[in-house]
Amino acid sequence: MTRPTRLVFWVATGLKASQHNDAAEAVWRRWQNAYEETQRLCRQQQRLEQKLIETVGLPYAPDRGNAEAGFAAHHSRWDAADRELGYSAALKAEREAAERAADLLEMLARTPATSLAGVAAKLDAVLREGQPSENDPEFPWPQIRSLLEDVVRIGQQSGQGAQA
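Residues numbered from 1 in each chain as written. Predicted model: local features only at pLDDT ≥ 70, side-chain atom pairs only at ≥ 80, totals over all residues. Heavy atoms only, no water.

Caption draft 1: Layout of the overall build of the protein. Counting secondary structure elements, the protein contains six helices and zero strands. Helices and strands appear in the protein in the N-to-C order α-α-α-α-α-α. In the protein, buried positions account for 37% of the 164 residues. For the protein, restricting intrachain contacts to residue pairs at least 6 apart in sequence, the fraction spanning at least 24 positions comes to 72%. For the protein, the exposed area adds up to about 9,900 Å²; of that, 53% sits on carbon and sulfur atoms. (Helix = DSSP H or I, 4+ residues; strand = E, 2+ residues; numbered from the N terminus. Buried < 20%, exposed > 50% of the residue type's maximum accessible area, 1.4 Å probe, protein only. Contact = heavy atoms within 4.5 Å. Areas by Shrake-Rupley, 256 points an atom, 1.4 Å probe, with all protein chains shown as cover.)

Spelled out as structure tokens, the structure:
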């Protein structure tokens, strides 16, 4: 999971009460919860998938003349182990959580920010969803991270948020 950005701490530790009226910040909070749930479910699904592979193995056909029967037997063992481990259920839960997060991300993009916290929230979501890795050096990620830090710093200096 991506470690929380300074924004998470800034928003969580004390925006002035008047700043909590920003609809973008409210949507961001919902998106953040959905995003973190998706990340948790992804890790769970990956652990179960690895266990499933370790238990049943990947399909292979050493004897081409008997490949179809071998694949059918493997598929049967895979399905039985899947039911026992809950891999398919975990995969479905992850997909559903990802869909919720994607819907909230779209809602966030359509929601106008009315404070620096709202602007920072939107930038945080762009970074966490878009950049391939947390410290990606390729354009535009360093520039967006810098912009987010600027917005957070300005918000703190203007009294819109507590120190992170």
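Moving on from the model shown.
Caption draft 2: Expanded view of the nonpolar core. In terms of nonpolar packing, the biggest core is built from 11 residues, these being Ala24, Val27, Trp28, Trp31, Ala34, Tyr35, Ala101, Leu104, Leu108, Ala121 and Ala125. Counting residues per element, this core draws most heavily on helix 2 (residues 23-56), which supplies six residues. If we skip the residues at most four places from it in the chain, Val27 touches Leu104, Met107, Leu108 and Thr111. (Core = buried A, V, L, I, M, F, W, Y, C linked by side-chain atoms within 4.5 Å.)

Caption draft 3: How the structure looks around the pattern of salt bridges. Across all of its chains, the model carries five salt bridges by this definition. Note that Arg40 and Glu37 form a salt bridge whose closest N and O atoms lie 2.8 Å from each other. One end of the pair is Arg40 and the other is Glu37, both in helix 2 and three residues apart, which spans about a single turn. Two residues, Asp124 and Arg128, come together in a salt bridge whose shortest N-O distance is 2.8 Å. With Asp124 and Arg128 both in helix 5 (residues 116-130) and four residues apart, the pair spans about one turn of that helix. Of the residues examined, Asp124 reaches a relative accessible area of 0% and is grouped as buried. Residue class for Arg128 comes out buried when judged on its relative accessible area of 7%. (Salt bridge = Lys/Arg side-chain N within 4 Å of Asp/Glu carboxyl O.)

Caption draft 4: Fine view of the confidence of the model for the protein. Per-residue confidence for the protein gives a mean pLDDT of 85; residues scoring 70 or more make up 83%. For the stretch residues 12-18, pLDDT sits under 50, and the model shows 13 contacts to residues farther than four places along the chain or on other chains. (pLDDT = per-residue confidence, 0-100.)

Caption draft 5: Examining the side chain of Thr38 more closely. Tracing the chain through its elements places Thr38 in helix 2. With relative accessibility at 11%, the residue Thr38 sits in the buried group. Aside from chain neighbours lying at most four places away, what touches Thr38 is Glu94, Ala97, Ala98 and Ala101.

Caption draft 6: Broad picture of helix 2. Compared with an ideal rise of 1.5 Å per residue, which puts 34 residues at 50 Å, helix 2 spans 49 Å between its outermost C-alpha atoms and is within 8% of the ideal. At the N-terminal boundary of helix 2, the capping side chain belongs to Asp22, with an oxygen 2.8 Å from the backbone nitrogen of Ala24. Residue Gly57 follows helix 2 closely and has a positive phi angle near 85°. (Expected span 1.5 Å × (residues − 1). Polar contact = N/O pair within 3.5 Å; in protein donor to acceptor, adjacent residues only side chain to side chain.)

Caption draft 7: Molecular detail of the packing of helix 2 against helix 3 (residues 67-85). With their axes 10 Å apart at the nearest point, helix 2 and helix 3 run at an angle of 135° to one another. One finds that helix 2 runs oblique with respect to helix 3. Relative to helix 3, helix 2 is oriented so that their crossing is right-handed. Between helix 2 and helix 3, the residues in contact are Leu48, Lys51, Leu52, Ile53, Thr55 and Val56 and His74, Arg77, Trp78, Ala81, Asp82 and Leu85, respectively. (Axes fitted to C-alpha atoms, helices over the stretch in contact; angles between N-to-C directions. Parallel < 35°, antiparallel > 145°, perpendicular 65-115°, else oblique. Left-handed = near helix turned anticlockwise from the far one by under 90°.)

Caption draft 8: Seen up close, unusual backbone geometry. For the peptide bond that leads from Phe139 to Pro140, omega is 10°, which places it in the cis range. Summarising the element assignment, Pro140 is placed in the loop between helix 5 and helix 6 (141-157).

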